[in-house]
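Tertiary structure, described
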Amino acid sequence: MLPRVVITGIGVVSPNGIGKSAFCHAVLEGKSGVKRISRFDPVDLPVHIAGEIPEFDELAWVDPRERKHVSRVVPLAVAASNEAIADAGLDPAVMAMEEKRQIGVVLGTGGGAQEFSEEQYRLWHSGHIKQVSLFCIPSGTMGTISSEISMRFGFRGYSHVVTAGCTSSTDAIGYAYQHIQAGVLPMFLVGGVDSAITPGIIKGYSLLRALTQSWNQQPERASRPFSADRDGFVIAEGSWMFILEDYEHARARGARIYAQITGYGSTCEAFHRVRMSESPEEPARAITLALEEANLAPEDIQYVNLHGTSTEMNDRVETRALKLALGNRASHIPMSGLKSQIGHAQGACGAASMAATLIAMEHSAIPPTINLDVADPECDLDYVPDIGRKAPIEHAICNCVGFGSKNSALVLKKVA
């Protein structure tokens, strides 16, 4: 029998709340974290808004002398990791070396250090060569982000970065889950981080017509998944980190258990460099694989946390995929889209989804999908618009769909 894999710690830095408690209140209340960009003047860009976290204090987590040499994702990930580690009742400062070798780090990110690299190019091409970081190459490399976390806390187990577009952190969680099941390590610090709010990235997404340009004057209304008047997503940043561990390992040390991961499914159809799945078959198959691994039927599911980007095609395809995977049960399951509140945190969005789902399970409350103002006849499931709803949740699905037609899903079970 495979080991049970449970979640024992949560850490959050989100546009609608820094820290697990603030995020919890915001998610259940339907609080938007979308606002006008403050990091730079966006006036010359078509998009002026993002799920930004201007109140986050980077220097509380990275030495001021080192900040210019690392991407913003490093302090974001360190802050969320620190909370998750403490929440799990762990203290790396008193751990023996052998204990630290039993903890791995797997980090999912889509953009990684793009923000850092874009700034280095800006300095170089604007003639500020002496301001370019000495570490522009190593700090601009994706794989070093997990190393920053491992070194910060002294963990000596696996240290890997998963970058697979929007599904990056869902896949990172899935890989950690599989490694614990295989008996490789008993514990992982795992999750997602991204901070891709830059002029270049906004220009690039605008060329793809992927970002909404309609709500610059009303940022909190901009992210509107499944609403018929949606016209693109809102880019966001943040970090959501977790401690995953073998159930027996967690029980032996008396850890609090939030939930168990019981299934993980991942698929990819014929590759296209920017397209998300245009047909529902492969997204549906990822959900089906996760349910099969969890040994559950659609009738066993009480909640789905949706990908819900606010792009016209993706929301419709996800709706069709859920109907295909869950059959007649789909119309009876309450579902909600976290991106309506915080925007699209890129490769970290799957981890954000899992954090919101754990909150929903713990409080027996379905978070609302805000800004769903106009019914779309092709998006006709129960998205819990406007306000949340009390409901017990034993089993839940976290769904994720990304660029390159990648699809991933997790199944969570509440542990009494």
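Going by the structure above, here's the rest.
Described below are features of the structure shown in this document. Every chain is numbered on its own, with residues counted from 1 as its sequence reads. Predicted model: local features are reported for residues with pLDDT of at least 70 only, side-chain atom pairs are reported and counted for 80 or more only, and whole-chain, interface and lining totals are derived from all residues. Note: side-chain values were computed over all heavy atoms of the structure, leaving out hydrogens and water.

1. Things to note about the pairing of strand β9 (residues 259–268)
- Judged by how many residues are buried, β9 sits mostly within the fold: eight of ten residues are covered.
- Summarising the sheet, strand β1 (residues 5–14) and β9 pair through three bridges and their orientation is antiparallel. Following the sheet pairing, Ile7 is matched in β9 by Ala259.
- Relative to strand β15 (residues 406–414), β9 runs antiparallel, the two sharing nine bridges. Note that in β15 the partner of Gln260 across the bridge is Lys413. Partly exposed residues are those whose accessible area sits between 20% and 50% of the maximum for their type, while under 20% is buried and over 50% is exposed, using a 1.4 Å probe and protein chains only. Elements are defined by DSSP. Helices are runs of H or I of four residues or more, strands are runs of E of two residues or more, and each kind is numbered from the N terminus. At least two DSSP bridges between two strands are required for those strands to pair.

2. Quick notes on the nonpolar core
- If you look at the biggest cluster of nonpolar residues, it comprises 47 residues, and the most contacted ones within it are Trp240, Phe242, Leu244 and Met354.
- Element by element, the count of residues in this core is highest for helix α12 (residues 349–363), at nine residues.
- Here, the term nonpolar core denotes a set of buried Ala, Val, Leu, Ile, Met, Phe, Trp, Tyr and Cys residues that are joined through side-chain atoms within 4.5 Å. By size, the runner-up hydrophobic cluster in this structure holds 29 residues, among which are Phe56, Val70, Ala80 and Ala88.

3. Description of the pattern of salt bridges
- Whenever Lys or Arg places a side-chain nitrogen within 4 Å of a carboxyl oxygen from Asp or Glu, that contact is recorded as a salt bridge. By the definition in use, this model includes 26 salt bridges.
- Residue Arg67 pairs with Glu115 through a salt bridge whose shortest N-O separation is 3.8 Å. Here the residue Arg67 occupies a position in the loop between β4 (49–50) and α2 (73–87), and Glu115 occupies one in helix α4 (residues 114–125), the gap between them amounting to 48 residues.
- On the basis of relative accessibility, which here comes to 15%, the residue Arg67 falls in the buried class.
- Classification of Glu115 by relative accessible area gives buried; the value is 14%.
- Measuring nitrogen to oxygen at the nearest pair gives 2.5 Å for the salt bridge that ties Glu362 to Arg256. With Glu362 in helix α12 and Arg256 in the loop between α8 (247–252) and β9, this pair connects stretches of sequence that are 106 residues apart.
- A residue is classified by how much of its surface remains accessible, and Glu362, at 39% relative accessible area, is partly exposed.
- Residue classification places Arg256 among the partly exposed residues on the basis of a relative accessible area of 42%.
- Sharing partners across several salt bridges, the network here consists of Arg39, Glu52, Glu58, Arg67, Arg72, Glu115 and Glu237.

4. Details of the packing of α2 against helix α5 (residues 144–153)
- Put simply, α2 and α5 touch, their axes get as near as 10 Å, and they point 45 degrees apart. One finds that α2 runs oblique with respect to α5. Our pair here, α2 against α5, has a crossing hand that is right-handed. In this structure, α2 uses Val73, Val74, Ala77, Val78, Ser81, Asn82 and Ile85 to contact α5, whose residues at the interface are Ile145, Glu148, Ile149, Arg152 and Phe153.
- Gly is placed with the polar residues, together with every amino acid not listed as nonpolar (Ala, Val, Leu, Ile, Met, Phe, Trp, Tyr, Cys and Pro) or charged (Asp, Glu, Lys and Arg). Along the lines of polarity and charge, the residues of the contact of α2 with α5 split into eight nonpolar, two polar and two charged. Interaxial angle, 0 to 180 degrees, is taken between N-to-C directions of lines fitted to C-alpha atoms, where a helix line uses only the stretch in contact. Here roughly perpendicular refers to angles of 65 to 115 degrees, roughly parallel to angles under 35, roughly antiparallel to angles over 145, and oblique to all remaining angles. With the far helix as reference, a near helix turned anticlockwise by less than a right angle produces a left-handed crossing, and one turned clockwise produces a right-handed crossing. Contact criterion: two residues are considered in contact whenever any of their non-hydrogen atoms come within 4.5 Å of each other.

5. A few points about the packing of aromatic side chains
- The aromatic pairing rule takes the rings of Phe, Tyr and Trp, using the six-membered ring of Trp, and pairs them if the centres are within 6.5 Å, calling planes under 30 degrees apart stacked, those over 60 edge-to-face and the rest tilted. Considering all chains together, one arrives at five aromatic pairs under this definition.
- For the ring pair Phe153 and Phe155, a centre distance of 5.9 Å and an interplane angle of 25 degrees mean the geometry is stacked.
- On the basis of relative accessibility, which here comes to 9%, the residue Phe153 falls in the buried class.
- Look at Tyr205 and Phe233: their rings are 5.1 Å apart centre to centre, the planes differ by 80 degrees, and that puts the pair in the edge-to-face class. Of the two residues, Tyr205 sits in helix α7 (residues 199–207) while Phe233 sits in the loop between α7 and β8 (237–246), which places them 28 residues apart along the sequence.
- Sitting over a ring, as applied to charges here, requires NZ of Lys or CZ of Arg to be within 6 Å of the ring centre and within 35 degrees of the ring normal. One Lys or Arg, Arg4, reaches over the ring of Tyr247 and ends 4.1 Å from the middle of that ring.

6. Quick look at the pairing of strand β7 (residues 187–195)
- Of all nine residues in β7, nine are buried, a share of seventy percent or more.
- Of the strand pairs in this sheet, strand β5 (residues 103–108) and β7 are connected by six bridges, and their pairing is parallel. Residue pairing for β7: Gly108 is matched across the bridge by Gly192.

Functional significance is not addressed by these values, which are geometric in nature.
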